[in-house]
Amino acid sequence: MATTRRESMSLQKIAESLAESEQRFSVFMKHLPVVVFIKDTQGRILFANDYMKDLLDDEDLIGKTTREILTPEIAQKMIEDDNQALNHGLALCQDIIHDAYGDERIFDTYKFPIPQPGGATLLGGISLDITARKKAEEERNYLNDFLQATMDTLSAHLCVIDEDGTIIAVNKAWNDFAMANPPVTANVSEGSGYLKVCDAVHDDESVEAAGFARGIRSVISGELEEFSMIYECSSPTEQRWFIGKVRPFPESGYRRFVIEHHNITDLKLAQNSLKAQQELLEELNRSLEKRVSQSVDELRQKDLMLIQQSRQAAMGEMINNIAHQWRQPLNNIGLIVQNLQSQYDAGEMNAEQMSANVDTAMDVIAYMSRTIDDFRNFFRQDKERHAFDVNMMVSHSLDFLLPSLKSSGINVECQEQPNIIAEGYPSEFMQVLLNILNNAKDVLLERKVANPLISISIFKENQRAVVTIRDNAGGISEDVLPKIFDPYFTTKEQGKGTGIGLYMSKTIIEKNIDGSLTAQNVNGGVEFRIEI
């Protein structure tokens, strides 16, 4: 009797323990943060935990079939997966459903048969929400594709290795180079050990390979932030140089390293050519040292000859200008002489009239004499630098040219600040002014410019005397402008220009007077700017 009572109490405790365990398991399944369900062979839901009910926003799932709770397409696929699991055992399926908010959710679902007493079989299932993981995978795949596409656009040969030296990824340039060199194709493809390739080199390139491998290991170990070296990597038919670089890949997580190989063959060949040219130049310089003095003397003689030629050309212009200046005075003297003859023949000549005519003729002759003096002073060589009045030099230059300019219908405007003083050689400075003014006159006449005009400005700027001379002849083409100060370069017709006027003008201003002479196109013409 006592034994029976003890057995009864033991069975009661076991039953209570089982009930408690079942209750805990039920609570566990109910609150498990994954979808848990049981179906019969007809697809009716016999059990669904709270997670599944919340997901579908349906508290009355029990007894409903798959077609009642899901869209036709999703339901059909799920039924096919259910049958697969019932007939063949455990199955892993991927399902896409829309939750209560209409958002798309992706699940990995494990489905398995549950045998029942009496031979019946139920279908159990556990679904894990992998939406975030799938999106992360898609994002990672997109970034990987973007990175690969970016790498493929680069001309450098690129690969990414891990900390063991295994190649993780290569770009198109790397792959193309490997394919073009069959002996190395398999050794430097994805999955191969790049460091092992470097260590295995035993030919003439072994020193460079070993050095590059040491550099890679130094970057991997953190000893160096980055490493680079230039090496020769020639083929049987072509001499080639590369610069190899190694640096950490800017990525969190796994340690990765980027290896770059840039083909610098063109640069190297250019450097070698430059080096050879420099050596040749040094050799030429050494051989020319004894001739430097002679060459300098020859250049000085050439400059003197050019200056003389320039002066002779200017003399021709000056003689032409004197002819213009003397034409009217000579006409006046002729008229005076004719008037004397007429008065004498008419018997009207008296002492007073004779004196007046003589005075007038002497005034004209004095003017002509001053012209000769100006002409002589212009060609007198300045021996020493001294201060001179820039305004006066411009005025004297215009005195020479105004008759010729007026007879050609060319107007001259002059804007000047008073008392602009410079230091140098005034006659040479005046020669420069005449060269530029004559050039302006020639181009205005050659191009038959309507309303031809030469504008002159004289002013002080940054403690320097400045003279600008501008015409309105349309300017100089941009390809010709840089050459106008070259010796013997001229844009005039053959026989009308020596090509030395502007060259000597620049030499006089910049070498003799320590100034500057420049030219630029402005407002439909060209402007020459002299700074002293």
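Scroll up a little and you will see the structure.
Everything quoted here is computed from the prediction, not taken from an experiment.

### Here we look at the pairing of strand β1 (residues 35–39)
1) Next: Counted residue by residue, β1 has four buried out of five residues, so it is predominantly covered.
2) Next: With five bridges joining them, β1 and strand β5 (residues 121–129) adopt antiparallel strand pairing. The residue of β5 that forms the bridge with K39 is L123.
3) Next: Here three bridges tie β1 to strand β2 (residues 45–48), and the two strands are oriented antiparallel to one another. Note that in β2 the partner of I38 across the bridge is F47.
4) Next: Counting the residues between successive antiparallel strands, the hairpin from β1 to β2 contains five residues, one of them, G43, with a positive phi of roughly 85°.

### Focus: the packing of helix α13 (residues 390–407) against helix α14 (residues 426–446)
1) Next: Two elements in contact, α13 and α14, have axes whose closest approach is 9 Å; the angle formed by their N-to-C orientations is 40°. By the criterion of interaxial angle, the relationship of α13 to α14 is oblique. For α13 against α14, the interelement crossing comes out right-handed. In this structure, α13 uses V390, M393, V394, H396, S397, L398, F400, L401, S404 and L405 to contact α14, whose residues at the interface are P426, F429, M430, L433, L434, L437, N438 and K441.
2) Next: For the contact of α13 with α14, a count of residues per class yields 13 nonpolar, four polar and one charged.

### Details of empty space enclosed by the protein
1) Next: If you walk through the whole model with that rule in mind, you get one cavity of 30 Å³ or more.
2) Next: Here the largest cavity defines a volume of roughly 180 Å³.
3) Next: Around the largest cavity, the lining is made up of 15 residues, and of these V35, M52, M78, I97 and S127 lie nearest the centre.
4) Next: Elements with a contribution of two residues or more to the lining of the largest cavity: β1, α2 (50–56), β3 (91–98) and β4 (104–115).
5) Next: The residue inventory of the lining of the largest cavity, partitioned by class, reads 10 nonpolar, two polar and three charged.

### Quick look at the packing of aromatic side chains
1) Next: Using the criterion set out here, one finds seven aromatic pairs in the structure.
2) Next: Ring geometry for F177 against F242: centres 5.7 Å apart, planes inclined by 70°, an arrangement best described as edge-to-face. Of the two residues, F177 is situated in helix α6 (residues 172–180) and F242 in strand β9 (residues 241–248); the sequence distance between them amounts to 65 residues.
3) Next: Put simply, the rings of F177, F212, F227, Y231 and F242 touch in pairs and so form one group of aromatic residues.
4) Next: Sitting above the plane of the F485 ring, K506 keeps its charged end 4.5 Å from the centroid.

### Here's the deal with the environment of E478
1) Next: Relative to the elements of secondary structure, E478 occurs in the loop between β15 (464–471) and α15 (501–512).
2) Next: In this structure E478 comes out as exposed when scored by relative accessible area, which is 56%.
3) Next: Distance from E478 to N521, taken between C-alpha atoms, is 8.5 Å for residues 43 residues apart in sequence.

### Topic: the sheet that holds β4
1) Next: Strand order in this open sheet of five strands is β2-β1-β5-β4-β3, and the pairing throughout is antiparallel. Sheet topology places β2 and β3 at the edges, where each strand pairs with a single neighbour. Across the sheet, the axes of successive neighbouring strands diverge by a mean angle of 25°, strand direction being ignored.
2) Next: The pairing of β4 with β5 spans nine bridges and is classified as antiparallel. Opposite T109, over in β5, you have S127 as the bridge partner.
3) Next: Sheet strands in contact with helix α5 (residues 131–153) are β3, β4 and β5, and its direction is about 130° off that of β4.

Thresholds, definitions, all that
- Residues numbered from 1 in each chain as written.
- Predicted model: local features only at pLDDT ≥ 70, side-chain atom pairs only at ≥ 80, totals over all residues.
- Heavy atoms only, no water.
- Buried < 20%, exposed > 50% of the residue type's maximum accessible area, 1.4 Å probe, protein only.
- Helix = DSSP H or I, 4+ residues; strand = E, 2+ residues; numbered from the N terminus.
- Pairing = 2+ DSSP bridges.
- Axes fitted to C-alpha atoms, helices over the stretch in contact; angles between N-to-C directions.
- Parallel < 35°, antiparallel > 145°, perpendicular 65-115°, else oblique.
- Left-handed = near helix turned anticlockwise from the far one by under 90°.
- Contact = heavy atoms within 4.5 Å.
- Nonpolar A, V, L, I, M, F, W, Y, C, P; charged D, E, K, R; others polar.
- 1 Å grid on protein atoms, 1.4 Å probe; cavity = no way out; pocket = protein on both sides within 12 Å on 5 of 7 lines; lining within 4 Å.
- Points joined across faces, edges and corners; volume = space filled by probe spheres on them.
- Phe/Tyr/Trp six-rings, centres within 6.5 Å; stacked < 30°, edge-to-face > 60°.
- Lys NZ or Arg CZ within 6 Å of the ring centre and 35° of its normal.

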